[in-house]
Amino acid sequence: MISRKFATTLVLGSVALLATAQVWLSHIRYELSLETSRVQKEQNELKREMLQLNLELASLTRPERLRKIAQKELGMAPPLPMQVVRP
Amino acid sequence: MSRFDKSEQEKVFIRRRLEAITGLVAVGFLLLTIRAVDLHWLQADELQVMADKQRFRQFETVAPRGPILDTHGRTLSESIEVPSIAAIAREVPKAAIAKLADVLGITEKHLSNKLNRSQGFVWLARQVSPDTAEKVMALNIDGIRQESEWRRYHPLGPEIGHLLGFVGIDGHGLEGVERNFDEQLSGTPGIRLVRRDARGHSLPGGSWLKQPAKGKTVQLSLDSTIQSIAYAALADGIRQQNAKGGSVVVMRPRDGAIVAMANWPGFNPNSFGNHKPGEWRNRVITDVFEPGSTLKPFTIAAALDSGKWKPESRVFCEDGKYQVADHTIHDDHQEGWLNLSGLISRSSNIGVAKVALDIGSERLYNMLVEVGFERRSGIGLSGESPGIIPPIGRWGPIETANIAFGQGIAVTPLQLATAFCVLANGGNYVAPKLIADQETGRSHRVMPKKTASAIMAMLEAATAPEGTGNKAVPAGYRVAGKTGTAQKPSADGSYADDRFTAVFAGMAPADDPELVVIVVIDEPQKSIYGGQVAAPVFRNIVGTALPYLGISPTEHETPDWQVIKTALADDHNMASRSSLIRLSLREARKISSLRGIQLRAHGTGWITRQQPRSLDSLVAGDIVEVWLNE
């Protein structure tokens, strides 16, 4: 037969443990929410950066710019018929 | 009073007290029950909403607009998030206005006007650069806030402005593809529900009340490289002729795909506000012109179709002057007898008019309608003109004769391209399309393959050295095409003597056309003839686009009327160079072998460094070391 004192200690101990666990869980939840917000923000930033880089790539590789660089800086010109081969 | 009476009285008093307390407790419970019912039942919905407001937070997420891509997936139009500056007007201190106006780059008065417009939320500067936004926020002025908006960018700028159109500040398309495919491109904003803790921080989880949907991608059949080639060639041709403007449309005949569509002067959709609304018009589809001689192949096709005429049939061209009713038709060159092929290559108005009068107006009219004139192409862009063909009931001999050589009829460049695709497709009409994954449009036979082949042979002859279109042929390729020159109508309805439209319509390679190109030059000043003005533009486009498409030249002799600049200078110039910097390894090898020096190379790409710095001191057998860097 369990003594009344032991039973009381067990109940109080359990209550204290559960209360501590609750506080700890709440803390974990808070930390996780901060982490989630941070990661979501980072994800959005990366998406934004990707769009910008995509646009920058399109701008830097636009045919008119490449043509100017090829002709003016690299001295290139349209090939002769004999220089064209089927890729 | 007896002892018994006293005891009875106490008992009654105690009972009354108990009853009173019991009554009070009962009333208390009753009130609590009423309150509980009130809170949990009567006010439940309202209170639930209030509680949810505390626990949950809703926010709207803006979905970006979908991109527009070319046929290879290259970005033609994309939205990115940019900062905008807004304010709660009543909270902005007056003392800060001058400083704020300075950073925003507007006048103090202008800013004050904006702030006085409303007490609440007002936009101060929309879609500003990140630097400006950072400077404004660094001022830390009460009531000033930074918002995010999506801004549309078109990296190709003026080259493609007319086709793509642009997007207004509210994110909706106002012109071109942006406008006509707005529903598809626009994103749907989402609403997210997030749970908050007592301190207001978001808790993990959360749910979407409405999922945001990014706008769909619109992929065009357009090839941005060919678009750029076409725009550059057109701009060059117009500058050389000091012309007013011009248009080019390039189509792939087998599936009707529009590969390029350019107008000059171009307009930059990234700064559309700097251009007049008239300059936004995509003239390839909105403006009509008299096609002139480029319509002759269809008159000849109608004649061949009638069975009364054969390619070798001959017509007397009246030595340059021919009377139809009270109207005289002239030829630029006096011609005698010509067969049908000769009519095309010598471009005789009189010969073609006589053929048309012989087959009758109805046959000609039917042919023109069948190949796509007088109706909108249905590519999905608004503002498209159906062109003008006079009602068949009004065609007398003069009208029939004039329309036979492209006068008294008006078409759009796109319609002319579609019609030439019929010839390129062996007589099959294929509806033009602008969207890459769109199924090939309705297709039907307009003329027998034999007729189309005969016309193609005539068109190829028209670009031969003695033909009017000889300047349209790029070295190494066979071209079929027709030149055209038409007087422009003046305000009083007659023809202007000094204003012309020069046209070239053609396709290449002639034996299996990959591209159909229409070049229209508006009011050229140095020459008025399509063969002199528009044909060289065609040659530049086709000569650059075909190698790009992997179509090798079949003719290896360079015609003597063309001069091609080669990538490599001649051997003598190469050998006399003292530096190899910026050359390719192949060129460096050529120079070193010409001078008999040894070459040691490191890396790949272009030469960025060489040792020794000058080749001048080297003699045969010496070593030059080069470093290449991509």
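### Notes on the overall build of chain A
And then number 1: In terms of helices and strands, chain A carries two helices and zero strands.
And then number 2: Looking at the 87 residues of chain A, the share that counts as buried comes to 10%.
And then number 3: Accessible surface, chain A as shown: approximately 7,300 Å² in total, 66% of it carbon and sulfur.

### Topic: the environment of P63 of chain A
And then number 1: Assignment of secondary structure puts P63 of chain A in helix α2 (residues 63-73).
And then number 2: By relative accessible area, which is 11% here, P63 of chain A ends up buried.
And then number 3: Residues in contact with P63 of chain A, not counting those within four places in the same chain, are S224, T225 and S228 of chain B.

### Some points on the sheet that holds strand β10 (residues 257-264) of chain B
Residues and elements named next belong to chain B.
And then number 1: Taken in spatial order, the five strands make up an open sheet running β10-β9-β19-β18-β17, and their pairing is antiparallel. One side of each edge strand has no neighbouring strand; the edge strands of this open sheet are β10 and β17 (480-489). Here the strands of the sheet are splayed against their neighbours by 10° on average, with no regard to which way each runs.
And then number 2: Examined bridge by bridge, strand β9 (residues 245-252) and strand β19 (residues 515-522) share seven bridges and lie antiparallel to one another. Bridge pairing in β19 places V248 opposite V519.
And then number 3: Relative to the sheet, helix α16 (residues 413-424) contacts β9, β10, β17, β18 (495-508) and β19, its axis offset from that of β19 by approximately 145°.

### As for the confidence of the model for chain B
And then number 1: Per-residue pLDDT for chain B averages 87, and the proportion of residues at 70 or more is 95%.
And then number 2: Both scores are available for the predicted complex, with the pTM at 0.75 and the ipTM at 0.71.

### Considering the pairing of β10 of chain B
Residues and elements named next belong to chain B.
And then number 1: Of all the eight residues making up β10, seven are buried; the element is thus mostly covered by neighbouring parts of the structure.
And then number 2: Sheet analysis places β9 next to β10, joined by seven bridges and oriented antiparallel. When the sheet's bridge partners are listed, V248 is paired in β10 with A262.
And then number 3: Between the end of β9 and the start of β10, which pair antiparallel, lie four residues, with G256 showing a positive phi angle near 75°.

### Some words on the side chain of S84 of chain B
Residues and elements named next belong to chain B.
And then number 1: Relative to the elements of secondary structure, S84 occurs in strand β3 (residues 75-88).
And then number 2: At 2.6 Å, the side chain of S84 forms a polar contact with the side chain of E149.
And then number 3: Excluding residues within four positions of it along the chain, S84 makes contact with W123, A125, R126, Q127, R145, Q146, E147 and E149.

### A look at a nonpolar patch on the surface
All names here are of chain A.
And then number 1: On the surface, a cluster of nonpolar side chains totalling about 400 Å² of accessible area is made up of W24, L25, I28 and L32.
And then number 2: Topologically, L25 is positioned in helix α1 (residues 4-60).
And then number 3: You can call L25 partly exposed: its relative accessible area is 47%.

### Focus: the sheet that holds strand β7 (residues 207-210) of chain B
Residues and elements named next belong to chain B.
And then number 1: Taken in spatial order, the three strands of this open sheet run β1-β6-β7, and their pairing is antiparallel. This sheet does not close on itself; its edge strands, each paired only once, are β1 (56-61) and β7. In this sheet, neighbouring strand axes are inclined to one another by 30° on average, regardless of whether the strands run parallel or antiparallel.
And then number 2: As paired elements, strand β6 (residues 190-195) and β7 share three bridges and run antiparallel to each other. Its bridge partner lying in β7, L193 is registered against S207.
And then number 3: Relative to β1, helix α2 (residues 44-55) is tilted by about 70°, and along the sheet it contacts β1 and β6.

### Details of the nonpolar core
Residues and elements named next belong to chain B.
And then number 1: Counting residues in hydrophobic clusters, the biggest one holds 81 residues, and the most contacted among them are L220, F298, L368, F373 and F420.
And then number 2: By residue number, the principal contributor to this core is α16, which donates nine residues.
And then number 3: Counting 32 residues, the second largest nonpolar core, distinct from the first, contains V479, I521, V537 and I541.

### Quick notes on the packing of helix α13 (residues 349-359) of chain B against helix α15 (residues 397-404) of chain B
Residues and elements named next belong to chain B.
And then number 1: At a minimum axis distance of 8 Å, the contact between α13 and α15 shows a crossing angle of 130°. Compared by their axis directions, α13 and α15 come out oblique. Our pair here, α13 against α15, has a crossing hand that is right-handed. Contacts between α13 and α15 pair V352, A353, A356 and L357 from the former with P397, T400, A401 and A404 from the latter.
And then number 2: When grouped by side-chain class, the residues that make up the contact of α13 with α15 number seven nonpolar, one polar and no charged.

### Some words on the packing of aromatic side chains
Residues and elements named next belong to chain B.
And then number 1: Within this structure, the stated rule accounts for ten aromatic pairs over all chains.
And then number 2: The interplanar angle of 45° and the centroid separation of 5.4 Å between the aromatic rings of F316 and W337 together place this pair among those described as tilted. Pair noted here: F316 is in strand β11 (residues 314-316) and W337 is in strand β14 (residues 337-339), with a separation of 21 residues, a long-range link.
And then number 3: By relative accessible area, F316 is classed as partly exposed at 26%.

### A word on the pattern of salt bridges
Opposite charge on two side chains lets them pair, provided their charged atoms get close.
All names here are of chain B.
And then number 1: Going through the model one piece at a time under the given rule, you end up with 26 salt bridges over all chains.
And then number 2: Note that R65 is salt-bridged to E178, the shortest N-O span being 3.1 Å. Of this pair, R65 sits in the loop between β1 and β2 (68-69) while E178 is found in helix α7 (residues 176-180), placing the two residues 113 residues apart along the sequence. E178 carries the same exposure label as R65, and that label is buried.
And then number 3: Taken together, the shared-partner salt bridges in this structure form one network comprising K244, K488, R499, D522 and E523.

Calculation criteria
Residues numbered from 1 in each chain as written. Chains lettered and ligands numbered in written order. Predicted model: local features only at pLDDT ≥ 70, side-chain atom pairs only at ≥ 80, totals over all residues. Heavy atoms only, no water. Helix = DSSP H or I, 4+ residues; strand = E, 2+ residues; numbered from the N terminus. Buried < 20%, exposed > 50% of the residue type's maximum accessible area, 1.4 Å probe, protein only. Areas by Shrake-Rupley, 256 points an atom, 1.4 Å probe, with all protein chains shown as cover. Contact = heavy atoms within 4.5 Å. Pairing = 2+ DSSP bridges. Axes fitted to C-alpha atoms, helices over the stretch in contact; angles between N-to-C directions. pLDDT = per-residue confidence, 0-100. Polar contact = N/O pair within 3.5 Å; in protein donor to acceptor, adjacent residues only side chain to side chain. Patch = residues over 30% accessible without salt bridge, like charges linked within 9 Å, V, L, I, M, F, W, Y side chains within 5 Å. Salt bridge = Lys/Arg side-chain N within 4 Å of Asp/Glu carboxyl O. Core = buried A, V, L, I, M, F, W, Y, C linked by side-chain atoms within 4.5 Å. Parallel < 35°, antiparallel > 145°, perpendicular 65-115°, else oblique. Left-handed = near helix turned anticlockwise from the far one by under 90°. Nonpolar A, V, L, I, M, F, W, Y, C, P; charged D, E, K, R; others polar. Phe/Tyr/Trp six-rings, centres within 6.5 Å; stacked < 30°, edge-to-face > 60°.

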